[in-house]
Amino acid sequence: MGDSFSLAKIRTLQLQDGRNLEYYCSRSTGPAVFFHHGVASDLSTVRLLEPAIHKLGGRMIAYSRPGYAGSTRQPGRSIQSSLDDVTAILEDLNLDCFLAVGWSAGGPHALAMAAALPGRCHGVATIASVGMPDEHFRKGMSEFTMMVLTLAEQGGSVLEQWIVENREMLLCESSQALITSLDMLLADSDRTAMNDGLANILFESFQRAMITEKGWVDDNLALVRNWAFSPETIGCSVTVWCGAEDKVMPPSHSRGLAKVITAAEMRMLKGEGHYSILWNNRVAIACDLMNKF
C-alpha cells in the first residue's frame, strides 16, 4: 500500500463496552506521533502532518473520536474519558512511548495523554488549540464559535437540534463551497492555504465525519466541561503553536495554556490563522515535535 495515506490502512477495534473505534497507523515502524483531529473532522486530517513526519523517519497514528466516521458514539464522553480509547489503541499497537499532537479541539486531547501517561509521552504540540473552560474562555471568540459553544452549554439536545435544522447549510457540496461557508472565520492566510489544497483535505474529512451530527455535538459538550486533568502537571516538553490572526480560537486560549504548562514554549506566528498555522508550518511543527523524542 506504500507510505502515503490510505483509507485502506484504517483498523477497527471492538472495545470492551461494545463500541467500535476506527484508527489509522501509517507505518509499522518508527517513532510514533499520535494525532488528534479537530471538530467536525476525522482521522483523515492526519494527512496534513504525515509527509513531514515520514521524512523524519516517524509514523503517524490517529483515530476518529466517538460519533465521527466509523467510531461508535459514546454519549457523555469527556476529554479525560478519551484516554481509555487512546490506551486501547496503544495496547493494540504495543506502543510504550509516543509523541502527541492536537489541532484545535484535538489540543486538549493531546495534553490529556501527556498528563495521564508521564514517561510514555515524550512531548506534545498543540496547534491553534482550544483553551481551558475558565472565566476567560469566551474572550475574543468569533460570533459563530461562541454561538456553538453557548448552545453546548445549554445541553446536547439544544445543540443537536440546531445542527439538524442547519444540516443542509453545514453540509457543503464541494471544497469550494466549504471555503465560502467558512469565510467569516478565515484570515487571509487561511484563504490562501485553502485554495492551495487544504480545502480538499478538510472537505473529504468533513464528509466522512458528518455521517451524523453526534460526534460534533459530543465534542462541543466535552470542550465546555471541566477537563478533569490539570495541564500544570504535564512534565514533558510542550510547544504551543498559534496564529496571531486566528478567528476561530482566539490566541488567548493558547497563551493561557502556555502560561500554566511548566515546560511549554509559545510559538505565536504573525499573519497565520486557524487553518494556515498548520498548513504553512507543518515541516517546522514536525521537526520540533520529532526533536522531543
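Here's the deal with helix H2 (residues 82-93)
Helix length check: H2, at 12 residues, gives a terminal C-alpha distance of 17 Å against a target of 16 Å (1.5 Å per residue), a fit within 8%. Looking only at H2, the buried set comprises Ser82, Leu83, Asp85, Val86, Ala88, Ile89, Leu90 and Leu93. Considering only its buried residues, H2 is in contact with strand E1 (10-14), strand E2 (20-25), strand E3 (32-36), strand E4 (59-63), strand E5 (98-103) and helix H3 (106-116). Phi turns positive one or two residues past the end of H2, at asparagine 94, with a value near 55 degrees.

Section: the pairing of strand E6 (residues 121-127)
Counted residue by residue, E6 has six buried out of seven residues, so it is predominantly covered. Pairing geometry for E5 and E6, over five bridges, is parallel. Across the sheet, glycine 102 pairs through a bridge with threonine 126, a residue of E6. Traced from E5 through H3 to E6, the parallel crossover comes out right-handed.

Some points on the nonpolar core
Ranked by internal contacts, the top residues of the largest apolar core, which has 60 residues, are Ile89, Leu111 and Val124. Ignoring sequence-local partners within four residues, the contact set of isoleucine 89 consists of Leu13, Leu21, Tyr23, Phe34, Ile61 and Tyr63. Residues Phe35, Val46, Tyr275 and Ile285 belong to the second largest nonpolar core, which totals 42 residues.

Remarks on the side chain of glutamate 22
Locating glutamate 22 in the fold gives a position in strand E2. A polar side-chain atom of glutamate 22 sits 3.2 Å from the main-chain amide nitrogen of glycine 70. A distance of 3.0 Å separates the side chain of glutamate 22 from the side chain of arginine 208, its partner in a polar contact. Excluding residues within four positions of it along the chain, glutamate 22 makes contact with Ile10, Arg11, Thr12, Asp42, Leu43, Tyr63, Ser64, Ala69, Gly70, Ser71 and Arg208.

Considering the environment of alanine 112
As for its placement among the helices and strands, alanine 112 is situated in helix H3. A sequence separation of 32 residues divides alanine 112 from glutamine 80, and the C-alpha atoms of the two residues are 6.5 Å apart.

A word on the sheet that holds E5
Spatially, E1-E2-E4-E3-E5-E6-E7-E8 is the arrangement adopted by the eight strands of the open sheet, whose pairing is mixed. A single partner strand is all that each edge strand has here, and the edge strands are E1 and strand E8 (264-269). On average, each strand axis in the sheet is tilted by 20 degrees relative to the strand beside it, whichever way the strands run. Bridge count for E2 against E4 is three bridges, and the pairing is antiparallel. Each residue of the ladder has a partner; that of tyrosine 23, found in E4, is tyrosine 63.

What about the pattern of salt bridges?
Scanning the model with the defined rule gives 16 salt bridges in all. In this structure, arginine 208 engages aspartate 42 in a salt bridge whose closest nitrogen and oxygen atoms are separated by 2.4 Å. With a gap of 166 residues between them, arginine 208 in helix H8 (residues 188-209) and aspartate 42 in the loop between E3 and helix H1 (50-55) connect regions that are remote in the sequence. The salt bridge involving arginine 267 is made with glutamate 265; its shortest N-O contact spans 3.0 Å.

Side note on unusual backbone geometry
In this structure, alanine 40 takes a positive phi of about 50 degrees despite not being glycine. Of note, alanine 40 is situated in the loop between E3 and H1. Under the relative-accessibility criterion, alanine 40 is labelled buried at 13%. One non-glycine residue with positive phi stands out, namely asparagine 94, at about 55 degrees. Mapped onto the fold, asparagine 94 is located in the loop between H2 and E5.

Rules of the game
- Residues numbered from 1 in each chain as written.
- Predicted model: local features only at pLDDT ≥ 70, side-chain atom pairs only at ≥ 80, totals over all residues.
- Heavy atoms only, no water.
- Helix = DSSP H or I, 4+ residues; strand = E, 2+ residues; numbered from the N terminus.
- Expected span 1.5 Å × (residues − 1).
- Buried < 20%, exposed > 50% of the residue type's maximum accessible area, 1.4 Å probe, protein only.
- Contact = heavy atoms within 4.5 Å.
- Pairing = 2+ DSSP bridges.
- Right-handed = clockwise from strand over helix to strand, strands pointing away.
- Core = buried A, V, L, I, M, F, W, Y, C linked by side-chain atoms within 4.5 Å.
- Polar contact = N/O pair within 3.5 Å; in protein donor to acceptor, adjacent residues only side chain to side chain.
- Axes fitted to C-alpha atoms, helices over the stretch in contact; angles between N-to-C directions.
- Salt bridge = Lys/Arg side-chain N within 4 Å of Asp/Glu carboxyl O.

The quantities given are spatial measurements derived from coordinates; they are silent on function.
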